[in-house]
Amino acid sequence: MPKEKTLEDLFYDTLKDIYYAERQIVRALPKMAREAQSPDLKAGFEKHLQETEGHVERLQQIFDLIGKRAQGKTCEAIQGIIAEGEEIIEEFKGTPALDAGLISAAQAVEHYEIARYGTLRTWANTLGQKKVVELLDQTLQEEGNADKNLSKLAMTAANQKAAA
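Residues numbered from 1 in each chain as written. Predicted model: local features only at pLDDT ≥ 70, side-chain atom pairs only at ≥ 80, totals over all residues. Heavy atoms only, no water.

A. Fine view of the overall build of the protein. A tally of regular secondary structure across the protein gives five helices and zero strands. Helices and strands appear in the protein in the N-to-C order α-α-α-α-α. Taking 2.2 N^0.38 as the reference for a compact globule, 164 residues should give roughly 15 Å; the C-alpha atoms of the protein span a radius of gyration of 17 Å, in line with that estimate. Principal-axis analysis of the C-alpha atoms places the extent of the protein at approximately 60 × 30 × 20 Å. Within the protein, the proportion of its 164 residues that are buried is 44%. (Helix = DSSP H or I, 4+ residues; strand = E, 2+ residues; numbered from the N terminus. Rg over C-alpha atoms; globule rule 2.2 N^0.38 Å. Buried < 20%, exposed > 50% of the residue type's maximum accessible area, 1.4 Å probe, protein only.)

Have a look at this one:
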């Protein structure tokens, strides 16, 4: 008879998912920064790359805190979102709409991460993992700020340039 799955099992499984996702994002952000036409967007991607590397380190700390090996689990969702971003780059490279497309792709990533980190934080709280909650909350705040910064960029030059 199979072992009954617990919230701890689900937490660990989802942690592996976001760990994989963050590592894929670390690989995707440099390309997005290279392709961005706006210096502000390029700088935003470069800044978020540094933050994302910190997210990976924080996740490794969380794996240590829960006594599990840091490992990823293929995340189909992030693979699809990154693939959409790559399509935007291919289809809109060199056009005024490229930055608007890059922002939309980056916000899809941020929204996925915000959903995952919010859920993980809630579960960690339920499981009584106070230090884990703090680490997840720190990352969740950074992801929210990245999303807000992307929205500001979208409302300024990127969308106006694309509409011209």
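B. Structural detail: the packing of helix α1 (residues 7-35) against helix α4 (residues 98-126). Close contact between α1 and α4 brings their axes to 10 Å; oriented N to C, the two are set at 160 degrees. Taken together, the axis directions place α1 and α4 in an arrangement best described as roughly antiparallel. Relative to α4, α1 is oriented so that their crossing is left-handed. In the contact of α1 with α4, the residues fall into 18 nonpolar, two polar and six charged. (Axes fitted to C-alpha atoms, helices over the stretch in contact; angles between N-to-C directions. Parallel < 35°, antiparallel > 145°, perpendicular 65-115°, else oblique. Left-handed = near helix turned anticlockwise from the far one by under 90°. Nonpolar A, V, L, I, M, F, W, Y, C, P; charged D, E, K, R; others polar.)

C. Spatial organisation of the side chain of E142. With respect to the element layout, E142 can be found in helix α5 (residues 130-163). Judged by relative accessible area, which is 18%, E142 ranks as buried.

D. Up close: the packing of aromatic side chains. Scanning the model with the defined rule gives two aromatic pairs in all. Where Y12 meets F63, the ring centres are 6.1 Å apart and the plane angle is 85 degrees; that geometry is what we call edge-to-face. You can see Y12 sitting in helix α1 and its partner F63 sitting in helix α2 (residues 39-65), a full 51 residues away along the chain. Per residue, the accessibility class of Y12 equals that of F63, and both read buried. Overall, F63 belongs to the buried group, its relative accessible area being 0%. Above the plane of the ring of Y12 lies K68, whose end atom (NZ or CZ) is 5.1 Å from the centre. (Phe/Tyr/Trp six-rings, centres within 6.5 Å; stacked < 30°, edge-to-face > 60°. Lys NZ or Arg CZ within 6 Å of the ring centre and 35° of its normal.)

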